[in-house]
Amino acid sequence: MPDTRSLRARSALFFTALAACVAIVSIGCGGEDRPNILLVILDTARADRFPWQGYAKPTAPRLAELARDGVVYTRAFSPGPWTVPAHASLFTGQYPSLHRTDCGSLRLPDEATTLAETLRAAGYRTIGYTANPWIGKGYNFNQGFDTYVETWRDVPENSEDTGATITNERVIRWLRWRQDNREARRQPFFLFINYFEAHLPYHPPEPERTRLIGPDADPRRVARLSRLSHPEEMRFIMGISDLDAADLALLNALYDGEIAYVDRKVGEVLDVLRGLGILDRTVIAIAGDHGENIGDHGMMDHKLSVHDTLLHVPMLVRYPPRVPPGRVVEAAVQLHDLHPTILALAGVPLPAGVPIEAVPLPDAGVPTPGRDPAGSIISEFVGPPVEFLDVLEDLFPGQDLSRFDRKLVALRKGGWKIHWGSDGRHALFNVAADPGETRDLAASETGRVQAFENLVDQWLRRDTRRSRRPAGTSP
């Protein structure tokens, strides 16, 4: 007697694939008629270091050129302040408090439905390359990929390059193999790349190093700070670091050099796509997963904070057949809004029965009003941060760490933003007037704090069972 559960599973897969093919029939079922997709994450890239945000230093000329050919989002915010929750949200279209892949539970759940899985079911070849171990196979971020390569494993010790060169070598080799293989070209591809360059320690190669820090920098100080990494960032957070203002200025310049270097490496891949004649038939989506504190707010790296230095990220989309060039969108959007946007541009329906809390991006070639301007923008640090606390306890035995032992929610609405803490300690900022979040107004705006506390409570109690929820409409 047949296994009815197996029959149901096979039937579900059949109808999912059938629905996907029907949805894309208007743009053709052949791989050469559907767009390829390139999704690039610039790990640890904060928005304020890019030219379209008004940054004066020449950090990203190749991406600026790409942005002029598509749409750039000047107010894009990550749903999580560090790698694991941000990528999990991007891959699932859900906020951290729904997918629960964050502190204390770092593995993407098997039952999650990922962007790669949905595209593969629709006929896409799915390939991923990551230079970041936090989104490796051990944490199940390979779910849905036909091929998933952890290039970080092959980076030589003490290398100035943090994996970008190895990643590009393998990406470009694969692209050229595909170009020479007629059968492979019949299948569209979804190519995901994570570049890890802007992560501590900051040691950009030449010529970006000298170009961004200047030729007159003290070489001994440059050598010392280019090696700064764990646990020095923890010492800074604890207030016992000996880094001075000049050190922080040089660290910022080194960080800029890393942004410039990864810009060059992205440009190499774009040049190959152009040379192969497929650049304009490929959806290009590039974003940061989160930003970085480099002395900002008394913090270092991207731990234990929900300031905009961590949440405000660069984001752009290019696809000439659908996306008009030269668009600049100032409406607030979120990183994981790329999830439904990519699916829509590919003509692939959202997975049935799966709660999707993101919405397609405006002006990205998809009919959508975008997020409700009166709605909330949410970012979450789902704690308690047990992994970070364990490290701090080992490094600083006997220190009071209670101020870090909490979950955080950043809720932005109507020009205001609360840093909500599960321990009852909240901060409130008028980000319209104080975008640097320098003046905590919680003590003088008690009524507004209470109203925002209620909004966070509504958010955490939201109904997460509904599929395709129009995120941003409430709370």
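See the structure above.
Counting from 1, residues in each chain are numbered in the order their sequence is written. Local features in this predicted model are restricted to residues of pLDDT 70 or higher, and side-chain atom pairs are both shown and tallied only at a pLDDT of 80 or more, whereas totals for entire chains, interfaces and linings draw on every residue. Each side-chain value is derived from all of the structure's non-hydrogen atoms; neither hydrogens nor water enter the calculation.

**Remarks on the overall build of the protein chain**
Operational definition: Helix and strand labels come from DSSP, where a helix needs a run of H or I of at least four residues and a strand needs a run of E of at least two; each type is numbered from the N terminus. As a reference, a globule follows 2.2 Å times the number of residues to the power 0.38, and the radius of gyration itself is taken over C-alpha atoms. The contact definition used throughout considers only heavy atoms, calling two residues in contact when any of these lie within 4.5 Å. For this count, His and the chain ends are skipped, Lys and Arg are scored as positive, and Asp and Glu as negative. To locate a charge, take atom NZ for lysine, CZ for arginine, CG for aspartate or CD for glutamate.
Counting its regular elements, the protein chain contains 15 helices and 17 strands. For 475 residues, the compact-globule estimate of 2.2 N^0.38 gives 23 Å, and the C-alpha radius of gyration of the protein chain, at 22 Å, lies within 12% of that figure. Once the C-alpha set of the protein chain is aligned to its principal axes, its extents read approximately 65 × 50 × 45 Å. When contacts within the protein chain are restricted to residue pairs at least 6 apart in sequence, long-range pairs at least 24 apart make up 71% of them. Of the charged side chains in the protein chain, 54 are positive and 61 negative; the average position of the first set lies 6 Å away from that of the second.

**Description of the pattern of salt bridges**
Here the idea is simple: oppositely charged side chains can pair when their charged atoms come close. Stated formally: Note on definitions: salt bridges are taken to be side-chain nitrogens of Lys or Arg within 4 Å of carboxyl oxygens of Asp or Glu. Whether a residue is buried, partly exposed or exposed follows from its accessible area with a 1.4 Å probe, protein chains only, as a fraction of its type maximum: under 20%, in between, or over 50%, in that order.
Per the stated rule, a full pass over the model turns up 34 salt bridges. Across the salt bridge formed by Arg-49 and Asp-48, the nearest N and O atoms sit 3.4 Å from each other. When the shortest N-O distance is used, the salt bridge between Arg-220 and Asp-218 registers 3.7 Å. Taking the relative accessible area as the measure of exposure, Arg-220 reaches 68% and is therefore exposed. Salt bridges linked by common partners bring Arg-46, Asp-48, Arg-49, Lys-57, Asp-256 and Asp-296 together as one network.

**As for empty space enclosed by the protein**
The test is simple: Buriedness for pockets is judged along seven lines, at least five of which must meet protein on both sides within 12 Å for an open set on the 1 Å grid over protein atoms alone, while cavities are sets there where a 1.4 Å probe fits but cannot get out, and lining residues have an atom within 4 Å of a point. Grid points are joined across faces, edges and corners, and a volume is the space filled by probe spheres set on the points. Residues are sorted three ways: Asp, Glu, Lys and Arg are charged, Ala, Val, Leu, Ile, Met, Phe, Trp, Tyr, Cys and Pro are nonpolar, and all the rest, Gly among them, are polar.
Within the structure shown, the criterion is met by two cavities of 30 Å³ or more. Roughly 50 Å³ of internal volume is contained in the largest cavity. If you trace the largest cavity, you find it lined by Arg-62, Glu-65, Leu-66, Asp-69, Leu-270, Arg-274 and Arg-318. Of all the elements in the fold, those that place two or more residues in the lining of the largest cavity are α2 (61-68) and α11 (245-275). By residue number, the principal contributor to the lining of the largest cavity is α2, which donates three residues. Of the residues assigned to the lining of the largest cavity, the class counts are two nonpolar, no polar and five charged. The space that makes up the second largest cavity amounts to roughly 30 Å³. Along the walls of the second largest cavity sit Leu-42, Asp-43, Ala-45, Phe-50, Tyr-195, Glu-197, Ala-198, Ile-259 and Val-262, which together make up its complete lining.

**Some points on the sheet that holds strand β6 (residues 189-195)**
Let me state the cut-off plainly: Strand pairing requires that DSSP identify at least two bridges connecting the strands. Here, axes are lines fitted to C-alpha atoms. For helices the fit covers the stretch in contact, and angles between N-to-C directions go from 0 to 180 degrees.
Strand order in the open sheet made by the eight strands is β5-β4-β6-β1-β7-β11-β2-β12, with mixed pairing throughout. The sheet is open, and its two borders are formed by β5 (147-150) and β12 (327-329), each paired with just one other strand. Strand-to-strand, the axes of this sheet are offset by a mean angle of 10 degrees, without reference to chain direction. Sheet analysis places strand β2 (residues 71-73) next to strand β11 (residues 315-318), joined by two bridges and oriented antiparallel. Looking across to β11, one finds that Val-71 is bridged to Val-317. Strands in contact with α11 are β1 (36-42), β6 and β7 (282-288); relative to β1, the strand with the most contacts, it is inclined by about 170 degrees.

**Details of the nonpolar core**
Rules: To form a nonpolar core, buried Ala, Val, Leu, Ile, Met, Phe, Trp, Tyr and Cys residues must be joined to one another through side-chain atoms within 4.5 Å.
By size, the foremost hydrophobic cluster in this structure holds 66 residues, and its most contacted members are Tyr-73, Leu-119, Phe-190 and Leu-338. Apart from the residues lying within four places of it in its own chain, the contact partners of Tyr-73 are Gln-53, Met-315, Val-317, Val-329, Val-333, Leu-361, Pro-362, Asp-363 and Ala-364. Among the nonpolar cores identified, the runner-up in size contains 54 residues, and Leu-42, Val-72, Leu-191 and Leu-243 belong to it.

**Topic: the side chain of Asp-247**
Keep this limit in mind: Two N or O atoms form a polar contact when they lie within 3.5 Å of each other; inside protein one atom must be a possible hydrogen donor and the other a possible acceptor, and for residues adjacent in sequence the pair counts only when both atoms belong to side chains.
Here Asp-247 is to be found in helix α11. Given the relative accessible area of 3%, Asp-247 is considered buried. A distance of 2.9 Å separates the side chain of Asp-247 from the side chain of Arg-224, its partner in a polar contact. Contact partners of Asp-247, with chain neighbours within four places excluded, come to Arg-221, Arg-224, Leu-225 and Asp-242.

**Some thoughts on the pairing of β6**
Among the seven residues in β6, seven count as buried, and that is most of the element. Burial along β6 is two-sided: Phe-189, Leu-191, Ile-193 and Tyr-195 and Phe-190, Phe-192 and Asn-194, pointing in opposite directions, are all buried. Here six bridges tie β1 to β6, and the two strands are oriented parallel to one another. Looking at β6, one finds that Leu-39 is bridged to Phe-192. Pairing of strand β4 (residues 125-130) with β6, which is carried by six bridges, proceeds in the parallel orientation. When the sheet's bridge partners are listed, Thr-126 is paired in β6 with Phe-190.

**Concerning the packing of aromatic side chains**
Each aromatic ring pair is specified by the distance between its two centres and by the angle formed by the two planes. Put simply, the rule reads: To pair, rings of Phe, Tyr and Trp, with the six-membered ring standing in for Trp, must have centres within 6.5 Å; the planes then decide the type, stacked if under 30 degrees apart, edge-to-face if over 60, and tilted in the middle.
All told, the structure shown has 15 aromatic pairs when counted by the stated rule. Between the aromatic rings of Phe-91 and Phe-145, the centroid separation amounts to 6.1 Å while the plane-to-plane angle is 55 degrees, which identifies the pairing as tilted. Taken as a pair, Phe-91 in helix α3 (residues 83-92) and Phe-145 in the loop between β4 and β5 lie far apart in primary sequence, 54 residues in all. With respect to class, Phe-91 is no different from Phe-145; both count as buried.

Purely geometric stuff here, so don't read any function into it on its own.
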